[in-house]
Amino acid sequence: MPFDPAALNPEQRQAVETIDGPLQIIAGAGSGKTRVITMRIARMLERRIPQSQILALTFTNKAAREMGERVREIAGTRLRDLTVSTFHSFGVSILKRHARRLGYRDNFSIYDTQDQMALLRESAREIKMELEHGEAMSILQQFSAAKTGRAPWEDLPAAYRELYDDYSEHLRLYNAVDFDDLIILPERILSEHPDVAEAFQSRFQYIMVDEFQDTSADQYRLLRSLGMAHQNVAVVGDDDQSIYSWRGANYENFAQFERDFPDFVEIRLERNYRSTDTILAAANGVISNNQNRKDKVLWTGTKEGRPIVLTFPEDESSEGMFICDTIKTLALRENLRYGDVCVLVRTNSLTRNLEMTFLSENVPYRMSGGQSFFQRKEIKDITSYIRLCANPDDDVSLLRVINTPRRGIGRKTIETLVETAQSQATSLFGAIAAELHAADSRLGKRARADLASFHSLVEEYRSRIFAKRKMTEALRALVEEIDYWAHLVAEHPNNEKAPKWKYRNVGLFLDFVEQYEKDPDNLSPSPFEFLTRISLDPRDEVDEEHDAGKVNLMTIHAAKGLEHDVVFVAGCEAGIIPHQRAIEEDPANLEEERRLFYVALTRAKRRLYITSCRTRKVMRELRESAPSPFLEEIPDELIETVDAPEAVEEEEGLDYFAAIKAKLGG
DNA sequence: TAGGCCAAGATTTTC
DNA sequence: TCTTGGCCTA
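The written sequence of each chain sets the order in which its residues are numbered from 1. As a convention, the first chain written is A and the first ligand written is 1, with the rest following in written order. Whole-chain, interface and lining totals are the exception, using all residues; otherwise, since this is a predicted model, local features are given only for residues with pLDDT of at least 70 and side-chain atom pairs are given and counted only at 80 or more. Values reported for side chains reflect all heavy atoms of the structure, with hydrogen atoms and water molecules removed beforehand.

## Let's talk about the overall build of chain A
Then step 1. Regarding its fold elements, chain A presents 27 helices and 17 strands.
Then step 2. The size measure is the radius of gyration over C-alpha atoms, and the globule rule it meets is 2.2 Å times the number of residues to the 0.38 power. Over its C-alpha atoms chain A spans a radius of gyration of 27 Å, differing by no more than 12% from the 26 Å that the globule rule assigns to 666 residues.
Then step 3. Buried positions account for 54% of the 666 residues belonging to chain A.
Then step 4. Pairs at least 24 apart in sequence give 77% of the contacts found in chain A among residues at least 6 apart.
Then step 5. A total accessible area of about 30,200 Å² is found for chain A, and carbon and sulfur atoms account for 49% of it.
Then step 6. Of the charged side chains in chain A, 87 are positive and 109 negative, and the gap between their average positions amounts to 4 Å. Secondary structure elements are defined from DSSP: runs of H or I of at least 4 residues count as helices, runs of E of at least 2 residues count as strands, and each element is numbered from the N terminus. Relative accessibility under 20% of the residue-type maximum defines a buried residue, over 50% an exposed one, and the middle range a partly exposed one, all with a 1.4 Å probe and only protein chains included. Should any heavy atoms of two residues lie within 4.5 Å, those residues are counted as being in contact. Here the accessible surface of atoms and residues is derived via Shrake-Rupley with a 1.4 Å probe, and residues count as covered only by protein chains that are part of the display. The charged-residue count follows a simple rule in which Lys and Arg add positive charge and Asp and Glu add negative charge, with His and chain termini not counted at all. Where a charge lies is defined by one atom per residue type: Lys uses NZ, Arg uses CZ, Asp uses CG and Glu uses CD.

## Structural notes on helix 26 (residues 590-601)
Then step 1. The first and last C-alpha atoms of helix 26 sit 17 Å apart over 12 residues, in line with the 16 Å expected at 1.5 Å per residue.
Then step 2. Here helix 26 has its buried residues at Glu591, Glu592, Glu593, Arg594, Arg595, Leu596, Phe597, Tyr598, Val599, Ala600 and Leu601.
Then step 3. Elements that come into contact with the buried residues of helix 26 comprise helix 12 (277-287), strand 10 (341-345), helix 24 (556-559), strand 13 (564-569), helix 25 (580-585) and strand 14 (604-611). To estimate the expected span of a helix, subtract one from its residue number and multiply by 1.5 Å.

## Describing the sheet that holds strand 1 (residues 23-27)
Then step 1. Whether two strands pair comes down to DSSP finding at least two bridges between them. Spatial ordering of the open sheet is given by 3-2-6-7-1-8, a layout of 6 strands whose pairing is parallel. Among the strands making up the open sheet, the edge pair consists of strand 3 (83-86) and strand 8 (265-269). The average angle at which neighbouring strand axes cross in this sheet is 15 degrees, direction not considered.
Then step 2. In terms of strand pairing, strand 1 meets strand 8 through 5 bridges, oriented parallel. Each axis is a line fitted through C-alpha atoms, and for a helix only the stretch in contact is used; angles between axes span 0 to 180 degrees, taken between their N-to-C directions.

## A look at the side chain of Arg603
Then step 1. On the secondary structure map, Arg603 appears in the loop between helix 26 and strand 14.
Then step 2. Each salt bridge in this description consists of a side-chain nitrogen of Lys or Arg and a carboxyl oxygen of Asp or Glu lying within 4 Å of one another. Here Arg603 is buried and forms no salt bridge, its nearest opposite-charge partner Glu211 lying at an N-O distance of 6.3 Å.
Then step 3. Setting aside chain neighbours within four positions, we find Arg603 in contact with Ala29, Gln241, Arg274, Leu344, Ala559, Lys560, Gly561, Leu562, Glu563, His564 and Val567.

## A few points about the protein's contact with DNA strand B
Then step 1. If you check the shell around DNA strand B, you find 28 residues, and the closest are His133, Arg346, Asn348, Thr413 and Arg581.
Then step 2. The backbone of Asn61 places a nitrogen or oxygen atom 3.5 Å from a phosphate oxygen of DNA strand B.
Then step 3. Polar contact is the term for a pair of N or O atoms within 3.5 Å; when the atoms are in protein, one must be able to donate a hydrogen and the other to accept it, and sequence-neighboring residues count only if both atoms are side-chain atoms. Residue Thr86 places a side-chain N or O atom 3.3 Å away from a sugar or linking oxygen belonging to DNA strand B.
Then step 4. Counting only elements with at least two residues in the surface near DNA strand B, the list comes to helix 6 (133-148), helix 17 (411-423) and helix 25.
Then step 5. Tallying contributions element by element places helix 17 first for the surface near DNA strand B, with 3 residues. Whether a residue is near a molecule or strand depends on its heavy atoms: if one lies within 4 Å, it is near.

## A look at the pattern of salt bridges
Then step 1. All chains considered together, the criterion is met by 50 salt bridges.
Then step 2. The partner of Asp537 in a salt bridge is Arg65, with the nearest N and O atoms 3.2 Å apart. One end of the pair, Asp537, is in the loop between helix 23 (527-536) and strand 12 (551-555); the other, Arg65, is in helix 3 (residues 61-75), with 472 residues separating them in the sequence.
Then step 3. Residue class for Arg65 comes out partly exposed when judged on its relative accessible area of 25%.
Then step 4. As a salt-bridge pair, Arg462 and Glu459 come within 3.4 Å of each other at their nearest N and O atoms. With Arg462 and Glu459 both in helix 19 (residues 445-466) and 3 residues apart, the pair spans about one turn of that helix.
Then step 5. Of the residues examined, Glu459 reaches a relative accessible area of 33% and is grouped as partly exposed.
Then step 6. Residues participating in the shared-partner salt-bridge network are Lys33, Asp210, Glu211, Asp214 and Lys560.

## Quick notes on the packing of aromatic side chains
Then step 1. We call Phe, Tyr and Trp rings a pair once their centres come within 6.5 Å, taking the six-membered ring for Trp, and we label the pair stacked below 30 degrees between planes, edge-to-face above 60, and tilted otherwise. Enumeration according to the criterion identifies 25 aromatic pairs in this entry.
Then step 2. With centroids separated by 5.1 Å and ring planes inclined at 65 degrees, the aromatic side chains of Trp153 and Tyr164 adopt a geometry described as edge-to-face. Separated by 11 residues along the polypeptide, Trp153 in the loop between helix 6 and helix 7 (158-173) and Tyr164 in helix 7 bring together distant segments of the chain.
Then step 3. By relative accessible area, which is 12% here, Tyr164 ends up buried.
Then step 4. Three or more aromatic residues joined by ring pairs form one cluster here, namely Phe212, Tyr220, Phe254, Phe257, Phe261 and Phe264.

## Let's talk about the pairing of strand 10
Each regular strand shows side chains that alternate between the opposite faces of the sheet.
Then step 1. Here strand 10 lies mainly inside the structure; 5 of its 5 residues are buried.
Then step 2. Of the two faces of strand 10, both are covered, the one formed by Val341, Val343 and Val345 as well as the one formed by Cys342 and Leu344.
Then step 3. Here 4 bridges tie strand 10 to strand 13, and the two strands are oriented parallel to one another. Bridged to Leu344 within strand 13 is Val569.
Then step 4. Relative to strand 12, strand 10 runs parallel, the two sharing 4 bridges. Residue Val343 lies in a different strand from strand 12, and its bridge partner there is Leu553.

## Notes on the confidence of the model for chain A
Then step 1. Confidence scores per residue from the predictor, reported as pLDDT, run from 0 to 100. Per-residue confidence for chain A averages 87 on the pLDDT scale, and 95% of its residues sit at or above 70.
Then step 2. Every residue in residues 649-666 is under pLDDT 50, and counting partners more than four places away or in other chains gives 14 contacts.

## What about the packing of helix 4 (residues 87-98) against helix 8 (residues 181-192)?
Then step 1. Helix 8 packs onto helix 4 with a crossing angle of 50 degrees between their chain directions and a minimal axis gap of 8 Å. Relative to helix 8, helix 4 is oriented oblique. Note that helix 4 runs across helix 8; the crossing there is left-handed. Together, Phe87, His88, Gly91, Val92, Ile94, Leu95 and His98 of helix 4 and Leu182, Ile183, Leu185, Pro186 and Ile189 of helix 8 make up the contact between the two elements. Oblique is the label for any angle not under 35 degrees, not over 145, and not in the 65 to 115 range, which are roughly parallel, roughly antiparallel and roughly perpendicular in turn. Each crossing gets its hand from how the near helix is turned against the far one by less than a right angle, where anticlockwise is left-handed and clockwise is right-handed.

As structure tokens, this is what we get:
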């Protein structure tokens, strides 16, 4: 049998064996948490608990895939009826089935931040409010806080309340939901419809939640509705790794769990199996500076390990070179595989330079996160067509494509449509139909003709896209029919390369759709399924194997739950980590930034490299930068400081020596 | 009234 | 560097 108790330490074994009743596992970094969860699943299966009764909730898609993969390894086969998913995907599956109970239809659109922003703008325009970009973003955050109950309703400034009502009303009218809704609405369904709640409770008898410290209050409520009845709820987490408070994560949930499930058993996993002593000592040195934490001491009981390498490259290109050189050397001398290397950064923008260096140095890499392929303008255009076909009431998508490519439908026409839609309480698509049929339409002849052809275009492709396994074919035809290529050329009059590049992306996208549609693992491919997949899990690769053997490049947030032999933490400069904005927002965020740094360090199994540039280009201007204050929290004796490759330009080279001198002098 | 042209400004992290 | 929004022209 796959489950081997001898391979576990006593605490792990207890965690694996405790199947019934509430369980809280406090698992330090690298304490074999994922292993415990997967073994626990294996143990359940061994006890003949049907796969379909087990629900494992994770935080990121990456973690969900990773867990699915590990379970597959242990079980020796893919478990089709086992549910391993993120909270949000799980929310979608509830909502899809029961949307009608809340007055939604099951073809609802899921709005990402871009769409929300567009909707907010639209709502603001209607009530004659001007929004500047920054304000709009902050409003969306406040809406989210109010909506999820993170902040009391009264905290929402009175000036925004009308806007909020407008925004919510529109979402409903468009049959659209935002990410918050994916948690809140399912929770509402469960609490308002006991029959549905019972069905889910008896379907999922055993629930596990990974990264529990990052669960938000609304996610917790959803979990409670699912698990309260049978009490078989296991939560696993580590307060030191709580790094999502900005999105509502609240490790108070541990305390709440203890109150709601008083019969819980607590197990602490404090032995670290992942990292060397050196790496762990560094991480402990850093995290011990946080005041607000549960006291715990991780220990390894093994291998000392090499010192942590710290270097101060002159600029980001030198940083990239250092990283590439080091990787190549390790690959050559120690047979290190590229896939065992991970380069971590605080922000997505920092990946840009690294990517360029990887490309020029021929180091294969894969990027996770960052601006998704599906967020690109040209791809959004096409997906908006699909969305509109799937859900014609989706005004945000309609507005995006109604004049893309240009078909003579301008601002005035749209204003008229908006008025019609408002007075008839319908969507824009409904308004178009109404105007086309109305005898007394205020629209001119030409506008009506243009609208008529747009309307019939959507109607035609609506049926074509939904024809079984004909989505790719229909989309290719659509791209031809709207002559998207000509549109791209027209959009870039002074640039020949841009349209080619973008059209190539559209081609890649269509190939992706085709792969998706042909994939035998997708039991019922449909446009709706497809749209859900790309909104919730925006990977642009279908097969993971394609990426095996490449250096991993990602943000620290995305790396949570992962581990690699060799880890580089790049851009460890003041203002980057801790991030300036985070500190400005609230100085108390310093602790979360420190946890983030802690998470970064603890990803490393054998070797850890830290780079901190002396200068960095920020929006085209070169700025001096200081090392991150967190570097000083790592005990000196664990660190070995080395020289980075010299910067390319001579002048900068001189500065570099001056800087070294200054450092030696100071 | 539509669309071209130009200037400004930009997301910290993810579902 | 790229995208978005505003202004002006035909």
